Amino acid sequence: MKVTAVLLAAGQGTRMKSSMPKVLHPLCGKPMVWHVLEALKSAITEKPVVVVGYGAEEVKKYLGDSADCVLQEPQLGTGHAAMQAESLLKGKTDYVIVTYADMPLLRGETFRSLVETQRLNSGPFSLVTAIADDPRGFGRILRNPDGTVSAIVEEYVATPEQQKIKELNVGAYCFNADWLWDALHRIPKNPKKGEYYLTDVVELAVQNSLPVQAVVHDDFSETIGINTRIHLSEAEAALRMRINREHMLNGVSMIDPNSTYIDAGVKIGRDTLIMPNTHLHGETKIGEGNVIGPNTIIRDSIIGNRCKVLAVVMEGAVLEDEVDVGPFARLRKGAHLKSHVHMGNFGEVKDSTLGEGVKMGHFSYIGDAKIGANTNIGAGTVTANYDGEKKNTTEIGEDVFIGSDTMLVAPLKIGNGARTGAGAIVTKNVPEDTLVVGMPARAIKKLERKTKKKG
Ligand code: UD1
Ligand code: CA
């Protein structure tokens, strides 16, 4: 049995008042269309087709090869949109799910039960409906005395009696493919709007006494359609809660799920505690037993196990195990803190590796640097990495003690076991086990190291 999906995404989304195509507006960090394709995955066996129109190039670029695209130009309604997929799919699939890219909260299991309902239906298609008190402009479902669906009436043409109907058209259908391609050509042009409505296929089936079945849904959080930015924020809130609940069911603790913002696709290990006002974005992966937040923003970063991250902003950074960062630290792209690093308040690290056990307690900037294990970075240390033209690197060895307020003028190498005095301005490489002081710093004596030299 071959099942594919046609996703209608050609509309401009006028009600969004945006220059971005509606389906690219993000929801928990991913464009709307991503969510629908993700949900469809478990219900289809063939590559999905996305009907693009408004902003076609942008949408196609985003989709890459996750879907085949067909162009609908001009956009003459949802029935006309579905018809554009015929040339790609005719004869190639048994069932076609047609759904709208602005219904991003529908779940995979809903699409699967839709397909299952259609497999058991002797008629040409089934659809998903929802019972809801607030109709939100959705089409109303009319039923025959035998319970099968007899028509979908769009809100703007519904009589006052029909407007009271609480069963709504969600916008997800599963068709017998052969019937669909033929029926789409028979949809009459809507006299008022001059468009071809997909919803009119119900009447085409009913005219031929073919039964249309419905999967009725009562979970409103799945059927939030997005026509305005108000809907977008409602959908975001519902999806955020769904994501948070899933993490909690998988063993992640949250003090306040209402103020915990986690993008779709973020991974978190068990026994990690997420504190309030924490934002986890993009391709972020967090291990087990960590305490993250409060007041923390993490994007595209990897965190190992048993770390503490308090009031930190990090992007494109890696923390290994048992790292302790914050409060008020900033980790930028390429920051890599190995196990047992302690980074305290008001520090910034960019494109640098801090070796195991490095301590950097207070207001320092480390950029384009490599720091060996167990080195101490004193308060106010700065790698002067930029000479006005290019970035230069600083290499600091193991067991080094950088005194408070040291300026490390790159390019620079500091040997293992060396020490800088408070306020030193270091412009020349420092040999192993040497103390340097002053402005610019000069060697004053050879040192005995307390920890043993390695190798
Ligand atoms: C549609 C349904 C309505 C249903 C509601 C649920 C029709 C006629 N009405 O109304 O019964 O309750 O969805 O969400 O189908 N699109 C195209 N090409 C077009 C027009 C639309 O690809 O020419 C796409 C849009 O990008 C959008 C989707 O189809 O993703 C739905 O279009 P929209 O205008 O939002 O339909 P609704 O008025 O919400
Ligand atoms: Ca819509």
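The preceding data block contains the structure.
Residues numbered from 1 in each chain as written. Chains lettered and ligands numbered in written order. Predicted model: local features only at pLDDT ≥ 70, side-chain atom pairs only at ≥ 80, totals over all residues. Heavy atoms only, no water.

K.L.:
For the overall build of the protein, give the residues involved together with the corresponding values.
P.N.:
Along the protein, the regular secondary structure elements total nine helices and 42 strands. Rg of the C-alpha trace for the protein: 30 Å, well past the compact-globule value of 23 Å for 455 residues, more than 25% over. Here the C-alpha coordinates of the protein stretch approximately 100 × 40 × 40 Å along the principal axes. A burial count over the protein gives 52% of its 455 residues as buried. For the protein, contacts bridging at least 24 residues in sequence account for 40% of all contacts bridging at least 6. (Helix = DSSP H or I, 4+ residues; strand = E, 2+ residues; numbered from the N terminus. Rg over C-alpha atoms; globule rule 2.2 N^0.38 Å. Buried < 20%, exposed > 50% of the residue type's maximum accessible area, 1.4 Å probe, protein only. Contact = heavy atoms within 4.5 Å.)

K.L.:
Quick rundown of unusual backbone geometry? Include the residues and the values.
P.N.:
Keep in mind that most residues, glycine aside, have a negative phi and that most peptide bonds are trans. With an omega dihedral of -5°, the bond running from E73 to P74 counts as a cis peptide bond. Among the secondary structure elements, P74 is positioned in the loop between β5 (68-71) and α3 (78-83). Cis geometry marks the peptide bond from M439 to P440; its omega dihedral reads -20°. The residue K17 is not glycine, and still its phi comes out positive at about 50°. The topology assignment puts K17 in the loop between β1 (3-9) and β2 (26-27). Owing to a relative accessible area of 73%, K17 belongs among the exposed residues under this scheme. Within the chain, R306 stands out as a residue other than glycine whose phi angle is a positive 55°. Assignment of secondary structure puts R306 in the loop between β20 (302-303) and β21 (308-309).

K.L.:
Could you give an account of the site of ligand 1, naming the residues involved and the relevant values?
P.N.:
For ligand 1, the set of nearby residues contains 24 residues, the closest of which are Q72, G77, Y100, E154 and N169. One of the backbone N or O atoms of A10 is found 2.9 Å from an oxygen atom in ligand 1. Between E154 and ligand 1, the recorded distance is 2.6 Å, taken from a side-chain N or O atom to an oxygen atom. Those elements that provide at least two residues to the shell around ligand 1 are β1, α3 and β10 (167-176). (Near = heavy atom within 4 Å. Polar contact = N/O pair within 3.5 Å; in protein donor to acceptor, adjacent residues only side chain to side chain.)

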